[in-house]
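Reading the structure
Residues per chain are reported as follows:
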Amino acid sequence: MACASKPAPVAKPIPAVTPGDIWKYINEDQPYQNWSTFPPERVPADAVWKDDYINLWIEGEVAKIYMNSTALSAIDKAPRDLPYGSIIIAEVYPIKEDETLAECTEIAGFYKVEGSTALYNDWVSFAYAPDGSMPLLPDGRVMDAVYGPVFGTKTFCHSCHEAAENDFIWIDSPKYDVEHTQMPAPVAKPIPAVTPGDIWNYINEDQPYQDWSPFPPERVPADAVWKDDYHNTHLEGTVAKTYVNSTALSAIDKAPRDLPYGSIIVAEYYPIKEDGTLAECTAIAGFYKVEGSTAQHNDWVSFAYTPDGSVRDVDYGPVFGTKTFCHSCHEAAENDYIWIDSPKYDVEHTQMPSPEKQ
Ligand code: HEC
Ligand code: HEC
């Protein structure tokens with residue numbers, strides 16, 4: 001008897017490592033709610049709240065855990081080392097006083113990507129609010145503002161999950177303890193102090209800005225784009241690449257815009273050579289929003305460095321602080337100091353105020 005002919009397996013488009021791509025993949029391409037839940041026989045009985053919902057270390061919240069078939073295929077192996085392409089997701093729900101569940105507040109997970117991080121066995125973490133933006137803590141603060149980025153290869157998620165010693169999965173870890181008495185506390189992010197050296201170290205070592213998202217390309221006017229991620233600047237013959245940290249990214253689409261504290265925007269400047277290629281980067285400039293730093297300039301601290309980390313010193317006065325020539329021009333953008341997607345932005349720069357000497 002002939003076997004039924006099986007259709008050839010279709011290669012799945014696996015998502016790239018950006019917040020938007022992963023979000024789209026788990027919601028549209030391969031909706032996670034159609035995946036398997038975490039195998040119930042692997043969940044300790046005292047962790048189960050009801051049906052598929054397990055208690056969480058965050059008091060008063062439960063989660064439902066899903067995994068894609070790549071992860072499921074090796075979940076029983078010991079020692080466990082899930083294959084590349086594995087994705088594990090926890091949907092988080094607060095329990096209401098009447099013991100029913102409130103709406104889902106967070107979709108958090110890990111995605112194993114070859115070559116992404118030797119330190120954390122190639123797990124990239126992510127966490128979203130149900131609309132795909134950055135999640136909030138139960139007290140309403142942006143999670144990122146307290147614990148640091150929730151997206152990437154070096155987040156507070158890793159700091160706790162690596163302790164599971166079970167390829168980053170806690171719920172069936174031999175060390176799992178429903179009282180959570182042995183669980184390391186999440187590590188609050190080191191936010192940089194407002195000194196040139198601290199900000200430089202932060203954006204180069206602690207949270208390298210080159211790992212952040214580029215400024216969302218759909219927000220950059222087409223006539224400002226030079227090539228790929230590079231946009232023209234008001235400095236003739238120079239283009240820039242602009243990066244935003246996840247704190248800034250979380251609110252970049254809000255109107256009116258008021259980015260949360262901890263937001264950092266960095267632009268890298270490159271002169272264009274005669275042959276149309278780029279020379280070495282000449283400056284790294286940006287803004288960092290620090291609570292209480294300057295009411296006059298909506299709490300934006302500006303900075304500008306040469307590539308070796310020294311503070312740039314130009315004709316217009318100091319380029320570090322809360323009252324620099326950077327503010328005098330950027331405040332005119334009326335878009336929480338961001339020019340490139342300001343309604344007033346004009347690629348010819350004819351409407352741009354000239355910088356004021358300090
Ligand atoms: C303080 C330690 C801690 C931190 C920080 C933490 N988790 Fe967890 N996580 C756990 C524990 C413990 C579980 C198992 C369920 C439970 O008891 O809470 C879990 C469950 C999960 C699960 C289900 C699979 C599993 O490991 O059991 C996912 C997915 C998950 N967390 C993702 C994240 C992401 C993403 C972050 C960062 C936004 C994060 N976690 C931060 C401790 C932590
Ligand atoms: C004469 C006005 C002017 C001055 C002065 C100025 N900028 Fe800008 N900046 C702009 C404009 C306009 C853009 C948008 C890209 C472009 O066309 O140059 C921009 C882009 C940026 C960006 C990318 C995000 C955005 O707003 O689009 C950063 C970061 C930035 N500038 C930082 C600085 C810093 C730091 C200083 C001081 C060292 C400074 N700028 C001085 C006008 C100015």
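Residues numbered from 1 in each chain as written. Chains lettered and ligands numbered in written order. Predicted model: local features only at pLDDT ≥ 70, side-chain atom pairs only at ≥ 80, totals over all residues.

What follows is about the overall build of the chain. Along its length, the chain carries 7 helices and 16 strands. When its C-alpha atoms are laid out on the principal axes, the chain stretches across 75 × 55 × 35 Å. Per-residue burial over the chain gives 32% buried out of 358 residues. Look at the contacts in the chain between residues 6 or more apart in sequence, and 49% of them connect residues 24 or more apart. (Helix = DSSP H or I, 4+ residues; strand = E, 2+ residues; numbered from the N terminus. Buried ≥ 20, exposed ≤ 12 C-beta atoms within 10 Å, placed from the backbone. Contact = placed C-beta atoms within 7 Å.)

Taken domain by domain, the chain holds domain 1 (19–164) and domain 2 (196–333). Centre-to-centre separation of domain 1 and domain 2, based on C-alpha positions: 32 Å. For the side of domain 1 that touches domain 2, the residue count by class is 7 nonpolar, 2 polar and 1 charged. (Domains from an automatic or database assignment. Nonpolar A, V, L, I, M, F, W, Y, C, P; charged D, E, K, R; others polar.)

What follows covers helix H5 (residues 196–206). Regarding H5, the residues found buried are Ile-199, Tyr-202 and Ile-203. Seen along its axis, H5 keeps its buried residues to an arc of 80 degrees; they face one direction. Residues of H5 that are exposed and point over 90 degrees away from its buried face: Gly-197 and Glu-205. (Arc of directions from axis to C-beta.)

Before going further, it helps to examine the environment of Thr-233. Relative to the elements of secondary structure, Thr-233 occurs in the loop between strand E10 (230–232) and strand E11 (238–244). A C-alpha to C-alpha distance of 9.4 Å links Thr-233 and Glu-348, two positions 115 residues apart in sequence. Aside from chain neighbours lying at most four places away, what touches Thr-233 is Thr-238, Val-239, Ala-240 and Tyr-269.

Another point: the site of ligand 2. Ligand 2 sits among 24 residues. The nearest are Thr-233, Cys-326, Cys-329, Ile-340 and Pro-355. Elements supplying a minimum of two residues to the shell around ligand 2: strand E12 (264–271), strand E13 (283–289), strand E14 (300–305) and helix H7 (325–330). Tallying contributions element by element places H7 first for the shell around ligand 2, with 4 residues. (Near = placed C-beta within 6 Å.)

Bringing the pairing of strand E4 (residues 61–67) into the picture now. When you tally the buried positions in E4, you get 5 out of 7 residues, the bulk of the element. The antiparallel pairing of strand E3 (residues 53–55) with E4 creates a hairpin that spans 5 residues between the two strands, and Gly-60 there sits at a positive phi of about 80 degrees. Sheet analysis places E4 next to strand E5 (residues 87–94), joined by 7 bridges and oriented antiparallel. Bridging across to E5, Ile-65 finds its partner in Ala-90. (Pairing = 2+ DSSP bridges.)

Moving on to the site of ligand 1. In the vicinity of ligand 1 lie 24 residues, with Cys-157, Cys-160, Trp-170, Ile-171 and Pro-186 positioned nearest. Looking at the shell around ligand 1, the elements with two or more residues in it are E5, strand E6 (106–112), strand E7 (123–128) and helix H4 (156–161). With 4 residues, H4 is the single largest residue contributor to the shell around ligand 1. Broken down by class, the residue content of the shell around ligand 1 amounts to 20 nonpolar, 4 polar and no charged.

To continue, consider unusual backbone geometry. Residue Ala-78 is joined to Pro-79 through a cis peptide bond whose omega torsion reads -5 degrees. In the segment running from Ala-255 into Pro-256, the intervening peptide bond is cis, with an omega of -5 degrees. Tracing the sequence through the fold places Pro-256 in the loop between helix H6 (246–249) and E12. Unlike most non-glycine residues, Asp-299 shows phi in positive territory, near 65 degrees. Within the fold, Asp-299 resides in the loop between E13 and E14. The residue Tyr-337 is not glycine, and still its phi comes out positive at about 75 degrees. Within the secondary structure, Tyr-337 sits in the segment after H7.

With that settled, consider helix H1 (residues 19–29). Among all positions in H1, only Pro-19, Ile-22, Tyr-25 and Ile-26 are buried. Take H1 and look down its axis: the buried residues cluster within an arc of 140 degrees, on one side only. For H1, exposure combined with an orientation more than 90 degrees from the buried face picks out Glu-28 and Asp-29.

In terms of nonpolar packing, the biggest core is built from 39 residues, with Ile-65, Ile-87, Ile-88, Ile-89, Tyr-111, Phe-126 and Val-150 touching the most fellow members. Going through the elements one at a time, H1, E4, E5, E6, E7 and H4 are the ones with two or more residues in this core. If sequence neighbours within four positions are ignored, Ile-87 has contacts with Ile-26, Met-67, Asn-68, Ala-71, Gly-109 and Tyr-111. Counting 34 residues, the second-largest nonpolar core is a separate cluster that includes Ile-203, Tyr-230, Tyr-243 and Cys-326. (Core = buried A, V, L, I, M, F, W, Y, C linked by C-beta atoms within 7 Å.)

For the rest of this paragraph, the subject is the pairing of E7. Extensive coverage of E7 is indicated by the burial of 6 of its 6 residues. Where burial is concerned, the two faces of E7 agree: the one with Trp-123, Ser-125 and Ala-127 and the one with Val-124, Phe-126 and Tyr-128 are both buried. As defined by bridge partners, E6 adjoins E7 across 6 bridges and the pair is classed as antiparallel. Bridge pairing in E7 links Phe-110 to Ser-125.

Here we come to the environment of Glu-218. Take Glu-218: it is sitting in the loop between strand E8 (213–214) and strand E9 (225–227). Its 9 C-beta neighbours within 10 Å are what place Glu-218 among the exposed residues. Sequence-wise, Glu-218 and Ile-88 are 130 residues apart; in three dimensions their C-alpha atoms are separated by 29 Å.

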